[in-house]
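The residues making up each chain are set out below.
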Amino acid sequence: MRNSFADTFHELGQRDPRLCIVVADISPAGSIQKFRDAFPERFVNTGVAEQVMIGMTAGMAMRGLRPFAYTIATFALYRPFEMVRNDLAYQNLPVTIVGIGGGVAYSVLGGTHHAQEDVAIACGIPNLSVISPCDPLEVEAATRHCAVQTGGPIYMRLGKAGEPVLTRDAPDPFLFGKLRFLRRVPGAETCILAHGGIMRLAQQAADALAERGEPASLVSVHTLKPLDSAGLRAILASYRRVVVIEETSCQNGLGPMVKRIAWDMDADTRLHHFALRDEFTHVHGSHADVLASHGLTLENILAALDQRPAAGRRGRGAP
Amino acid sequence: MLVSDTDTPTASVPPRDGRFDVAAARRRCLELRHRILDLSRNLAAMHIAPAFSCLEMVDAIYFGLMRRDRNGASSDTFILSKGHGCMAQYAVLERLGVLSSEDLELNCKPEGRLGGHPDYGTPGIEASTGSLGHGLAIGLGMAYADKLKREDRRVFVLVGDGEMQEGSVWEALMMAANLGLDNLVCLLDLNDFQGLGRTSETHPHFYPIVDKIAAFGWEVASVDGHDAGALVDAFQSRRGGVPFFVVGRTIKGRGVAFMENVPIWHYRSPDAEEYRIAKAGLREVGSGGGTAPGGGS
Ligand SMILES: Cc1ncc(C[n+]2csc(CCOP(=O)(O)OP(=O)(O)O)c2C)c(N)n1
Ligand SMILES: [Mg+2]
């Protein structure tokens, strides 16, 4: 994902002299080096200093530039939290904060590097939009949106590197603020919603269900704020089971937002939410190991779905 | 050009209090470097150069500065604020018997209890670090609590030079002398490198560093950070009465010629061939002097 961001940013930066990138001692991948060589004055490295990284993007935006801030997700959002809130969001400036390693992607590096509550925090700040692309192609589309939009600050939550392309054949295009079907199965009773790199697991879950004759639709809710409430209402109205899989704290994120909408519309659908626990894991290992320590495995998801088949909340059709 | 296998002893070795054996420290650090290199074989990536940079400082803190009772227990505290250098600390803690060899073998494995940064609650680890710029304020709080409780404890905090760009470090630096914390010691691993390159090139106004810290009311010493004896001496000959800061001039990746001052070794494990070359080239390291401009001051 970070390479896709870098390539797209490099391409756009050649055309738009207002695009700048401010990093905090984290080496941006691939093409950002080309951007840096070509436009050294539009690449700023504040050093290990995230507060000034965010603060200065505010000032640059106030002077008409289009800055992006870039570092590891925890350091992009938590360390400079008040700069994000006051300088960017309160003043509603068009700055993009790129956070690398959303969720527990920096698995072995431990709790200090796990961005598990970032979605909740970012969604809680007025004016701040939140995008969580699921694959390199969505990263590219999201970056293009961020580079031209004038609506205010955006937190773009990325994974690391090596994520597979999942959306090439998606029936829907990427549109900021609109959820997107990656797989639309007519007649399916189950719809799986996910965002970010864990879409791969969501896709595996959809495949596994399809193999057992319970095909499921698959949706990327890449824009978590503003949330596509109309799109979600339509899904909640037409599927008997909606499954949210996300690599964010269960306390907040997409799952609880979907539940709120479902309650408000009195949806007759069964809702499942698979997310990170409200815990700091002290398991160090691969990304999959750390997800497993939060209970996020394909086996667990399928087992939980087996226990409560698609039925609707009021048990219509349930045994 | 720097030589990696400097085994020439420092010209004059000032008298010490007898507890700290410089020759033994050099032998120990050589063994620790071997151990860390061996362990790097288990991991796809390891912060190896940051560990080699601060190895002598960590060794000197544990073996020369922290006071121990007859059972080896210490009431003094060490916080590795640049937590990514933790292989140095893990290797020393193994040496002290605080961590087991199995702990180190299982580093970053789900069955083990060590990870890529020090985790509070693990034996020997006094604070969870990894996000830079936290350790000094935590250490300051401990030192203040020890003062309040009239306990004779010292707190040692090791920070990186890149880390010192965090505003929080300077907030703690400004506060320490206000609180009269002469029981707080901050050691700086001044290797003139950070994640994105050489500090003197990317952030030249980081320097002079000694004057800046002294201006905040600290007593400051600047020593060769690979000379553990010099570190211990600097501490023992301090005037005292105020917080103490030691600038250790170091070389990032010290001890393995091809890693020294080469940015990619910030976070990388050697492959089989690199491992072989590194192992074959390891020698005792007694000094280095660092590469920061103007000796880091
Ligand atoms: C708050 C924060 N920002 C960024 C990082 C990512 N990071 C890890 S190590 C490092 C460079 C640190 O340089 P320095 O303190 O000089 O340590 P060295 O490796 O040179 O010993 C960075 C930026 C981090 N761990 N914490
Ligand atoms: Mg450094």
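Residues numbered from 1 in each chain as written. Chains lettered and ligands numbered in written order. Predicted model: local features only at pLDDT ≥ 70, side-chain atom pairs only at ≥ 80, totals over all residues. Heavy atoms only, no water.

K.L.:
Can you lay out the nonpolar core for me, pointing to particular residues and giving the numbers?
P.N.:
Formed by 57 residues in total, the largest nonpolar core has its most connected members in L37, F78, F156, L158 and L187 of chain B. No other element matches helix α2 (residues 48-65) of chain B, which puts twelve residues into this core. Not counting the four nearest positions on each side in its chain, F78 of chain B is found in contact with V58, I61, Y62, M66, Q89, E126, F156 and L158 of chain B. The next biggest cluster of nonpolar side chains, apart from the first, holds 48 residues, and it includes L77, L88, C191 and A267 of chain A. (Core = buried A, V, L, I, M, F, W, Y, C linked by side-chain atoms within 4.5 Å. Buried < 20%, exposed > 50% of the residue type's maximum accessible area, 1.4 Å probe, protein only. Helix = DSSP H or I, 4+ residues; strand = E, 2+ residues; numbered from the N terminus. Contact = heavy atoms within 4.5 Å.)

K.L.:
Explain the packing of aromatic side chains residue by residue, including any values.
P.N.:
According to the stated counting rule, one finds 13 aromatic pairs over all chains in the structure shown. Centre to centre, the rings of F9 of chain A and F35 of chain A are 5.0 Å apart; their planes meet at 65°, and the pair counts as edge-to-face. With a gap of 26 residues between them, F9 of chain A in helix α1 (residues 2-15) and F35 of chain A in helix α2 (residues 31-38) connect regions that are remote in the sequence. No difference in accessibility class separates F9 of chain A from F35 of chain A, as the two residues are buried. When the centroid spacing of 5.7 Å and the interplanar angle of 55° are considered together, the rings of F156 of chain B and F235 of chain B count as tilted. Highlighted residues: F156 of chain B in strand β2 (residues 155-160) and F235 of chain B in helix α9 (residues 228-236), separated in sequence by 79 residues. Given a relative accessible area of 5%, F235 of chain B falls into the buried group. An aromatic cluster of at least three residues, connected via ring pairs, comprises F5, F9, F35, F39, F68 and Y70 of chain A. The cationic tip of R33 of chain B hangs over the ring face of F52 of chain B; the distance from NZ or CZ to the ring centre is 5.5 Å. The cationic tip of R238 of chain B hangs over the ring face of F235 of chain B; the distance from NZ or CZ to the ring centre is 3.9 Å. (Phe/Tyr/Trp six-rings, centres within 6.5 Å; stacked < 30°, edge-to-face > 60°. Lys NZ or Arg CZ within 6 Å of the ring centre and 35° of its normal.)

K.L.:
Account for the UniProt feature "domain: Transketolase N-terminal" (unreviewed entry) in chain B, with residues named and values stated.
P.N.:
When the UniProt feature table is mapped to this numbering, "domain: Transketolase N-terminal" (unreviewed entry) covers residues 69-262 of chain B. Note that residues 69-262 of chain B is 31% helix and 17% strand, and that its end C-alpha atoms are spaced 41 Å apart. (UniProt positions renumbered as here; feature names shortened; annotations may be inferred.)

K.L.:
Quick rundown of the pattern of salt bridges? Include the residues and the values.
P.N.:
Enumeration according to the criterion identifies 29 salt bridges over all chains in this entry. One salt bridge in this structure joins R153 of chain B and E151 of chain B, with 3.6 Å as the shortest N-O distance. For R153 of chain B, a relative accessible area of 28% corresponds to the partly exposed category. Of the residues examined, E151 of chain B reaches a relative accessible area of 33% and is grouped as partly exposed. Connected through salt bridges with shared partners, the residues E11, R15, E140 and R144 of chain A form a single ionic network. (Salt bridge = Lys/Arg side-chain N within 4 Å of Asp/Glu carboxyl O.)

K.L.:
Could you give me a rundown of the interface of chain A and chain B, with the residues and numbers involved?
P.N.:
Counting residues at the interface gives 23 residues for chain A, matched by 26 residues for chain B. Between chain A and chain B, the buried area comes to about 1900 Å², and carbon and sulfur atoms account for 50% of it. Summed over the three residues of chain A that lose the most area to chain B, namely V48, R79 and H284 of chain A, the buried surface amounts to 34% of that side. Ionic pairing is found between R79 of chain A and E166 of chain B, a salt bridge with its closest N-O pair at 2.7 Å. Summed over the shared surface of chain A and chain B, the result is 16 residue pairs in polar contact (both at pLDDT 80 or more). In terms of residue class, the side of chain A that touches chain B is built from nine nonpolar, nine polar and five charged. (Buried area = accessible area lost by both parts, 1.4 Å probe. Polar contact = N/O pair within 3.5 Å; in protein donor to acceptor, adjacent residues only side chain to side chain. Nonpolar A, V, L, I, M, F, W, Y, C, P; charged D, E, K, R; others polar.)

K.L.:
Quick one: what's the story with the coordination of the magnesium ion (ligand 2), residue by residue and with numbers?
P.N.:
Between any two of four tetrahedral donors, the ideal angle at the metal is 109.5 degrees; between two of six octahedral donors, it is 90 or 180 degrees. Residues and elements named next belong to chain B. Protein coordination at the magnesium ion (ligand 2): the donors are D161 (OD), N191 (OD1) and F193 (O), at 2.0 to 2.1 Å from the metal. For the magnesium ion (ligand 2), the single-chain donor residues occur in sequence as D-x29-N-x1-F. Of this pair, D161 sits in the loop between β2 and α6 (167-178) while N191 is found in the loop between β3 (184-190) and β4 (193-194), placing the two residues 30 residues apart along the sequence. D161 gets classed as buried once you look at its relative accessible area, which sits at 2%. (Donors = N, O, S within 2.8 Å, 3.2 Å for Na, K, Ca; no water.)

K.L.:
Could you give an account of the sheet that holds strand β10 (residues 223-225) of chain A, naming the residues involved and the relevant values?
P.N.:
Residues and elements named next belong to chain A. Pairing within the open sheet is mixed, and its seven strands lie in the order β2-β1-β3-β4-β6-β5-β10. The outermost strands of the open sheet, each flanked by one partner alone, are β2 (43-45) and β10. Across this sheet, the average inter-strand angle for adjacent strands is 20°, counted without regard to direction. As paired strands, strand β1 (residues 19-23) and strand β3 (residues 66-72) are joined by five bridges and run parallel to one another. If you follow I21 over to β3, its bridge partner there is F68. (Pairing = 2+ DSSP bridges. Axes fitted to C-alpha atoms, helices over the stretch in contact; angles between N-to-C directions.)

K.L.:
So what's going on with the UniProt feature "domain: Transketolase-like pyrimidine-binding" (unreviewed entry) in chain A? Residues and values would help.
P.N.:
The positions UniProt marks with the feature "domain: Transketolase-like pyrimidine-binding" (unreviewed entry) are residues 1-165 of chain A. Overall, residues 1-165 of chain A shows 42% helix and 16% strand. The separation of its end C-alpha atoms is 9 Å.

K.L.:
Would you mind going over the packing of helix α1 (residues 22-40) of chain B against helix α10 (residues 272-281) of chain B in detail, with residue names and values included?
P.N.:
All names here are of chain B. Between α1 and α10, whose axes approach to 10 Å, the crossing angle comes to 175°. When the axes of α1 and α10 are compared, the pair comes out roughly antiparallel. Within the contact between the two elements, α1 uses H34, L37 and D38 and α10 uses Y275, A278 and K279. Taken together, the residues of the contact of α1 with α10 sort by class into three nonpolar, one polar and two charged. (Parallel < 35°, antiparallel > 145°, perpendicular 65-115°, else oblique.)

K.L.:
Describe the pairing of β1 of chain A, and please don't skip the residues or the numbers.
P.N.:
Residue and element names in this part refer to chain A. The element β1 is largely enclosed, with a buried count of five among its five residues. The pairing of β1 with β2 spans three bridges and is classified as parallel. Bridging from a neighbouring strand, V23 pairs with N45 of β2.

K.L.:
Go over the site of ligand 1 with me, naming the residues and quoting the values.
P.N.:
Near ligand 1 lie 25 residues; those nearest to it are E50 of chain A together with K82, H84, D161 and K252 of chain B. More than one chain reaches ligand 1: the nearby residues come from chains A and B. Between ligand 1 and L132 of chain B, the relevant distance is 2.9 Å, taken from a nitrogen atom to a main-chain nitrogen or oxygen of the residue. One of the side-chain nitrogen or oxygen atoms of N191 of chain B is found 3.0 Å away from an oxygen atom of ligand 1. Taken by itself ligand 1 offers 590 Å² of open surface, and the protein chains cover 98% of this. Broken down by class, the residue content of the shell around ligand 1 amounts to six nonpolar, ten polar and nine charged. (Near = heavy atom within 4 Å. Areas by Shrake-Rupley, 256 points an atom, 1.4 Å probe, with all protein chains shown as cover.)

K.L.:
Tell me about the domain arrangement of chain A, and name the residues and values.
P.N.:
Residue and element names in this part refer to chain A. Structurally, chain A comprises domain 1 (2-157) and domain 2 (180-305). Every contact between the two is made by 25 residues of domain 1 and, on the other side, 30 residues of domain 2. Summed over the three residues of domain 1 that lose the most area to domain 2, namely V104, Q116 and C134, the buried surface amounts to 28% of that side. For the pair domain 1 and domain 2, the number of links is one salt bridge. Connecting domain 1 to domain 2 are 16 residue pairs in polar contact (both at pLDDT 80 or more). Contributing elements (two or more residues each) for the side of domain 1 that touches domain 2: α6 (118-123) and β5 (129-131). Residues that form the side of domain 1 that touches domain 2 fall into these classes: 13 nonpolar, nine polar and three charged. (Domains from an automatic or database assignment.)

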